Amino acid sequence: MALMTDAAAAPAREAFGTNGTAMITPFTRDGAVDYAAVEATAAHLVDLGNDMLVVSGTTGESPTTSDAEKKRLIEVVLSAVGDRARVVAGAGNNDTAHTLEIAKQAAAAGAHGLLVVSPYYSKPPQSGIQAHLRTVADATDLPVMLYDIPGRTGVPIASETLIELSSHPNILAVKDAKGDLAESMRVMSESSLVYYSGEDALNLPLLAAGAIGVVSVVGHVCADRFASMVAAVEANDLDTARRVAHEVLPVVDAVMNHMPGAVSAKAVLELQGVIPTRATRMPLLPAADDQVEFLRDRLRRSGYLQ
């Protein structure tokens with residue numbers, strides 16, 4: 001099969017955009033969702049250059065938010081960003097019946113699409129993974145982005161499974177955090193699935209290999225730079241894309257390699273004055289003072305904090 005054309009990628013671009021951030025869920029110090037801070041964060045991220053926000057993904061601490069909170073989060077983010085960005089709901093967990101409930105709720109709340117992670121912890125066989133993902137895709141009319149992150153789920157979505165899932169009319173894309181460029185390229189070349197980088201350290205390699213965008217954690221900080229990287233690769237300007245990748249490398253390292261992404265992203269937004277507190281819900285703990293100082297130093301050196 002020939003490399004994906006712009007026309008073939010158009011449905012995914014329309015459904016999801018190209019420059020996405022997996023948004024944190026702000027909490028108050030007593031553990032409640034801070035919906036005013038949710039609004040402020042969503043608006044800030046779109047102003048920064050995101051045209052897609054993933055709500056209630058892993059970075060949004062979805063394992064510790066209730067279904068009612070997930071619904072309200074979608075509604076608040078939609079209200080905050082209007083038509084300036086696509087709002088994609090994280091809808092996957094390891095219980096198919098519960099995943100269906102979350103997906104239908106997200107559709108009713110007005111989400112533009114679904115991000116569905118493969119079932120984690122129970123390590124189902126590929127046939128079970130495929131049945132789960134097809135069942136969820138059947139549940140609504142929303143476009144679906146599959147999330148392949150075996151480091152968290154314990155089991156990769158095999159290339160053969162992804163290629164078979166591409167026949168489903170609602171399954172358009174993959175958020176790829178598998179770390180296997182050769183297999184990602186194989187799926188892109190043998191199916192209609194459109195790829196998004198789900199691992200910030202590999203954004204440039206995946207874009208160069210054929211991905212059309214990113215779903216980032218570091219986008220909380222430098223979505224504007226990632227947008228320019230995506231545009232440069234699309235224009236076949238790899239010199240510019242490579243320069244941007246090198247410029248943001250210290251921030252990628254600071255945010256992704258020293259503490260959980262949700263923890264570091266919240267600490268950064270607190271330092272920048274976007275949210276009032278970096279509170280998390282257990283089992284995550286907020287960044288300790290020394291971690292905050294480490295992030296402050298890296299952000300200042302990189303020009304993202306005065």
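None of these values were measured; they are calculated from a predicted model.

### A closer look at the layout of surface pockets
Right, so step 1: Here the largest pocket defines a volume of roughly 990 Å³.
Right, so step 2: The wall of the largest pocket is formed by 42 residues, among which Gly-57, Thr-58, Thr-59, Tyr-147 and Arg-152 lie closest to the centre.
Right, so step 3: For the lining of the largest pocket, the elements supplying multiple residues, two or more each, are helix H3 (67–81), helix H4 (96–109), strand E4 (113–117), helix H6 (150–153), strand E8 (213–216) and helix H12 (261–271).
Right, so step 4: Counting residues per element, the lining of the largest pocket draws most heavily on E4, at three residues.

### Let's talk about the side chain of Ser-62
Right, so step 1: Topologically, Ser-62 is positioned in the loop between strand E2 (52–55) and H3.
Right, so step 2: The exposure class assigned to Ser-62 is buried, which follows from its relative accessible area of 17%.

### Digging into the pairing of E4
Right, so step 1: Burial analysis of E4 places five of its five residues in the buried class, which makes it a mostly covered element.
Right, so step 2: A two-sided burial pattern is seen for E4, the buried positions comprising Gly-113, Leu-115 and Val-117 on one face and Leu-114 and Val-116 on the other.
Right, so step 3: Bridge analysis of strand E3 (residues 86–90) against E4 gives three bridges, and the strand direction is parallel. The residue of E4 that forms the bridge with Gly-90 is Leu-115.
Right, so step 4: The handedness of the E3 to E4 crossover, carried by H4, is right-handed.
Right, so step 5: Where E4 meets strand E5 (residues 144–148), four bridges bridge the pair, whose relative direction is parallel. Residue Leu-114 lies in a different strand from E5, and its bridge partner there is Val-144.
Right, so step 6: Taking the sense of rotation as the criterion, the β-α-β connection linking E4, helix H5 (residues 126–139) and E5 turns out right-handed.

### Some remarks on the pairing of E2
Right, so step 1: Burial along E2 is two-sided: the face carrying Met-52 and Val-54 and the face carrying Leu-53 and Val-55 are both buried.
Right, so step 2: In this sheet, E2 lies alongside strand E1 (residues 19–22) in parallel orientation, the contact comprising three bridges. Bridge pairing in E2 links Gly-20 to Met-52.
Right, so step 3: In this fold, the crossover linking E1 to E2 by way of helix H2 (residues 35–48) has right-handed handedness.
Right, so step 4: Across four bridges, E2 lies against E3 in parallel orientation.

So, how was this worked out
- Within every chain, residues take consecutive numbers counted from 1 along the sequence as written.
- Per-residue local features of the predicted model are confined to residues with pLDDT of at least 70, and side-chain atom pairs are confined, for both listing and counting, to 80 or more; whole-chain, interface and lining totals are unaffected and use all residues.
- In computing side-chain properties, one takes all heavy atoms of the structure into account and sets aside hydrogens as well as water.
- Lining residues are those with an atom within 4 Å of a point, where the points come from a 1 Å grid over the protein atoms alone and group into cavities, where a 1.4 Å probe fits but cannot get out, or pockets, open sets with protein on both sides within 12 Å along at least five of seven lines.
- Grid points are joined across faces, edges and corners, and a volume is the space filled by probe spheres set on the points.
- For helices the rule is a DSSP run of H or I covering at least 4 residues; for strands it is a run of E covering at least 2, with both sets numbered from the N terminus onward.
- Exposure is judged per residue with a 1.4 Å probe applied to protein chains only, and the accessible area is read against the type maximum: over 50% gives exposed, under 20% gives buried, and values in between give partly exposed.
- Two strands form a pair only when DSSP identifies at least two bridges running between them.
- With the strands aimed away from the viewer, a crossover counts as right-handed if its path from the first strand over the helix to the second runs clockwise.

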